[in-house]
Each structure stands twice: as structure tokens, then as C-alpha cells.
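# Structural characterization, general
Letter by letter, the chains look like this.
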Amino acid sequence: MESSISIACIALYKNKILIAKRLNTGDMACRWELPGGKVDAGETETDAVKREFLEEFGVKIKVGEYICSTTFEHNNKTRTLKAYRIFVPHRGLIFKYHLTEHSEYKWVCFNEIPREHFVDSDLKILTQVRSYAEKNI
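## What about the side chain of Ser 6?
Mapping Ser 6 onto the fold places it in strand E1 (residues 5-13). Engagement of the side chain of Ser 6 in a polar contact is seen with the side chain of Arg 79, the distance being 3.2 Å. Ignoring anything within four residues of it in the chain, the contact list for Ser 6 reads Gly 37, Lys 38, Phe 72, Arg 79, Thr 80, Leu 81 and Lys 82.

Here is the structure:
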């Protein structure tokens, strides 16, 4: 049975957050998002965070604390989105990340996100993530 939990990987640096632009395929083609994906059956949420970031960016990360969650509808199914802080070994600046699900990534200030064509589910947690970032960076 497919898990109804998705995770968002929250990489923060100073006053910026890492976002990525989806490839030109699928439901959310060319939209910006927080890295992440579905939790596989039998997988812990933190294992899913590590796996998703490795699969999508080719980088091993350290998982920090749980930040927040929300629910959203996708294909007429209710899903839960849980955000976890992650720590990347470099910001993709020393060595470019190897992207498999995205065409590009960038570090942006939270106030820049409304200008991007962002996926709806991630927008639902951004206020909580921003509040967390302001207290923990």
C-alpha cells in the first residue's frame, strides 16, 4: 500500500532556503518546490529524507529536526507533508549537485518565493518553515 506521507527537505543557510525547479514532465512540470518526495512502505521518515535528497541531488545529507506538517489533496487523496531540517555538506556551490528530478536549484530568501511558480502543497508549510528559520539560523 502506498504511503500517504510526503517529506520536504529544508536546507537553510543564513536567511535563505534551497528550492528546486521540477523537470518539464508530470503533474507539477516546471514548478518550483522544496526537495523531497514520498515515504516508501516500511521506510522511516528520516530514511526517506536521506534517500530522496540523495536520489534527487546526488548528495548525502544529515537530517535535523522535524519542523512542521500539513495536509493536502493530490489526485483526490489526502496526503500529509512533513518538513525536516537537513544539513548539506556544501551548498551546491563548490560542486554542482547532480540533478535527476529537477532542471535547476537555487538559494532564495523567503520573500522571493511568492515570485516563483511554486507547488501548492509546499506553499502551505512555508509560513511555519520561515518562522522556524528565523528562530534557528
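Once you've had a look at it, read on.
## Points about the pattern of salt bridges
Here the structure, examined in full by the defined rule, presents nine salt bridges. Residue Arg 31 is joined to Asp 120 by a salt bridge in which the shortest nitrogen-to-oxygen separation is 3.2 Å. Of this pair, Arg 31 sits in the loop between strand E2 (16-22) and strand E3 (32-33) while Asp 120 sits in helix H2 (residues 120-123), and the two are 89 residues apart along the sequence. When its relative accessible area of 52% is taken as the criterion, Asp 120 is described as exposed. The salt bridge partner of Arg 51 is Glu 55, with a shortest N-O separation of 3.2 Å. Taken together, the positions of Arg 51 and Glu 55, both in helix H1 (residues 45-57) and four residues apart, correspond to about one turn of that helix.

## A short note on the nonpolar core
Ranked by size, the top nonpolar core spans 21 residues in total, and within it Ile 10, Ile 17, Leu 34 and Val 129 carry the most contacts. Take this core: its biggest share by element is four residues, from helix H3 (residues 126-136). Counting residues in each nonpolar core, the second largest holds 19 residues, with Ile 7, Phe 53, Tyr 84 and Tyr 105 among its members.

## Looking at unusual backbone geometry
Phi is positive for Lys 14, which is not a glycine, with a value near 55°. Tracing the sequence through the fold places Lys 14 in the loop between E1 and E2. Despite not being glycine, Cys 30 shows a phi value in the positive range, around 65°.

Basis of the calculations
Residues numbered from 1 in each chain as written. Predicted model: local features only at pLDDT ≥ 70, side-chain atom pairs only at ≥ 80, totals over all residues. Heavy atoms only, no water. Helix = DSSP H or I, 4+ residues; strand = E, 2+ residues; numbered from the N terminus. Polar contact = N/O pair within 3.5 Å; in protein donor to acceptor, adjacent residues only side chain to side chain. Contact = heavy atoms within 4.5 Å. Salt bridge = Lys/Arg side-chain N within 4 Å of Asp/Glu carboxyl O. Buried < 20%, exposed > 50% of the residue type's maximum accessible area, 1.4 Å probe, protein only. Core = buried A, V, L, I, M, F, W, Y, C linked by side-chain atoms within 4.5 Å.

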